[in-house]
Amino acid sequence: MHFLANPPLGLVLSQSAKAVGRAMEEAMADAGGSLPVWQVLITLKTQPVANQRELAAAVGIQDATLTHHLNAMENDGLLVRRRDPANRRVHLVELTAGGESLFHTLRGVAVAFDQRLRSGLDETETTALISLLTKLRENVAP
């Protein structure tokens, strides 16, 4: 009975993360994007990544998975990849005007979604939630 009164944190967190992720994915899709596309776009806009391998590490996905997303994004005209003249085995990734435009659209979606998540939470609760989630992540980090 103790389990029902105090559900396992991992279960509650996992269910919450899935629900939030699905809702954010739907919001991104409604605007013509996706969560992986948003992660790539925001990383290219906010972090200095020199090549595709660094981009995969920054986004937090495997190289092969990133390649799949980059192929689709390149086909959609959102980015271009070119070989690094200094190292032909390395691909450099750059946004196109279409990628820039989608970035701005999805940034608006992300801001609105963040406001939706913060609804009903005051600043103290938001700060506490961020702190608690950070602690949980640190508790399971290798």
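Here is a short report on the structure shown in this document. For clarity, every value in this text was computed on a predicted model and none was experimentally measured.

**Points about the overall build of the protein chain**
Moving on, step 1. Counting its regular elements, the protein chain contains seven helices and two strands.
Moving on, step 2. Across the protein chain, helices and strands are ordered from the amino to the carboxyl terminus as α-α-α-α-α-β-β-α-α.
Moving on, step 3. Taken against the 2.2 N^0.38 rule, which gives 14 Å for 142 residues, the C-alpha radius of gyration of the protein chain at 18 Å runs more than 25% over that of a compact globule.
Moving on, step 4. Along the longest, intermediate and shortest principal axes, the C-alpha atoms of the protein chain span 60 × 35 × 25 Å.
Moving on, step 5. When each of the 142 residues of the protein chain is scored for burial, the buried share is 27%.
Moving on, step 6. Summed over its atoms, the accessible surface of the protein chain is roughly 9600 Å², and 57% of this surface lies on carbon and sulfur atoms.

**Considerations on the packing of helix H2 (residues 9-30) against helix H6 (residues 97-118)**
Moving on, step 1. The geometry of H2 relative to H6 is characterised by a closest axis approach of 10 Å and an angle of 145 degrees between their N-to-C directions. Viewed along their axes, H2 and H6 form a crossing whose handedness is right-handed. Listed contacts from H6 to Val20, Ala23, Met24, Ala27 and Met28 of H2 are Leu106, Val109, Ala110, Phe113, Arg116 and Leu117.
Moving on, step 2. For the contact of H2 with H6, a count of residues per class yields 10 nonpolar, no polar and one charged.

**Re the pairing of strand S2 (residues 87-95)**
Moving on, step 1. Here strand S1 (residues 79-84) runs beside S2; their pairing, made up of six bridges, is antiparallel. If you follow Leu79 over to S2, its bridge partner there is Leu95.
Moving on, step 2. Between the end of S1 and the start of S2, which pair antiparallel, lie two residues.

**Focus on a nonpolar patch on the surface**
Moving on, step 1. Nonpolar side chains collect at one region of the surface, where Leu13, Leu121, Leu129 and Leu133 lie side by side and expose about 300 Å² of accessible area between them.
Moving on, step 2. Take Leu13: it is sitting in helix H2.
Moving on, step 3. By relative accessible area, Leu13 is classed as partly exposed at 36%.

About the thresholds
- Residue numbering note: each chain is counted from 1, following its sequence as written.
- In keeping with the model being predicted, local features are shown solely for residues with a pLDDT of at least 70 and side-chain atom pairs are shown and tallied solely at 80 or more, while totals for entire chains, interfaces and linings include all residues.
- Derived side-chain values reflect all non-hydrogen atoms in the structure, with water molecules and hydrogen atoms excluded from consideration.
- Labels follow the DSSP assignment, with helices taken as runs of H or I lasting at least four residues and strands as runs of E lasting at least two, numbered in each case from the N terminus.
- Only C-alpha atoms enter the radius of gyration, while the globule expectation follows 2.2 Å times N to the 0.38, with N the number of residues.
- Summary of the burial criterion: residues with accessible area below 20% of their type's maximum are buried, those above 50% are exposed, and those between are partly exposed, where the area comes from a 1.4 Å probe applied to protein chains only.
- Here, Shrake-Rupley sampling with a 1.4 Å probe gives the accessible areas, and only protein chains in the shown set may cover a residue.
- Comment: axis = line fitted to C-alpha atoms, over the contacting stretch for helices; angle = value between 0 and 180 degrees taken between N-to-C directions.
- Should the near helix be turned anticlockwise from the far one by less than a right angle, the crossing is left-handed, and should it be turned clockwise, the crossing is right-handed.
- Here, residues are in contact when the closest pair of their heavy atoms is within 4.5 Å.
- Only Asp, Glu, Lys and Arg are considered charged in this grouping, and only Ala, Val, Leu, Ile, Met, Phe, Trp, Tyr, Cys and Pro are considered nonpolar; every other residue, Gly among them, is considered polar.
- Here, a strand pair is defined by DSSP locating no fewer than two bridges between the strands.
- Without a salt bridge and with relative accessible area above 30%, a residue can belong to a patch; like charges are then joined within 9 Å and nonpolar side chains (Val, Leu, Ile, Met, Phe, Trp, Tyr) within 5 Å.
- The term salt bridge refers to a side-chain nitrogen of Lys or Arg lying within 4 Å of a carboxyl oxygen of Asp or Glu.

By themselves, these observations are geometric and do not establish any function.
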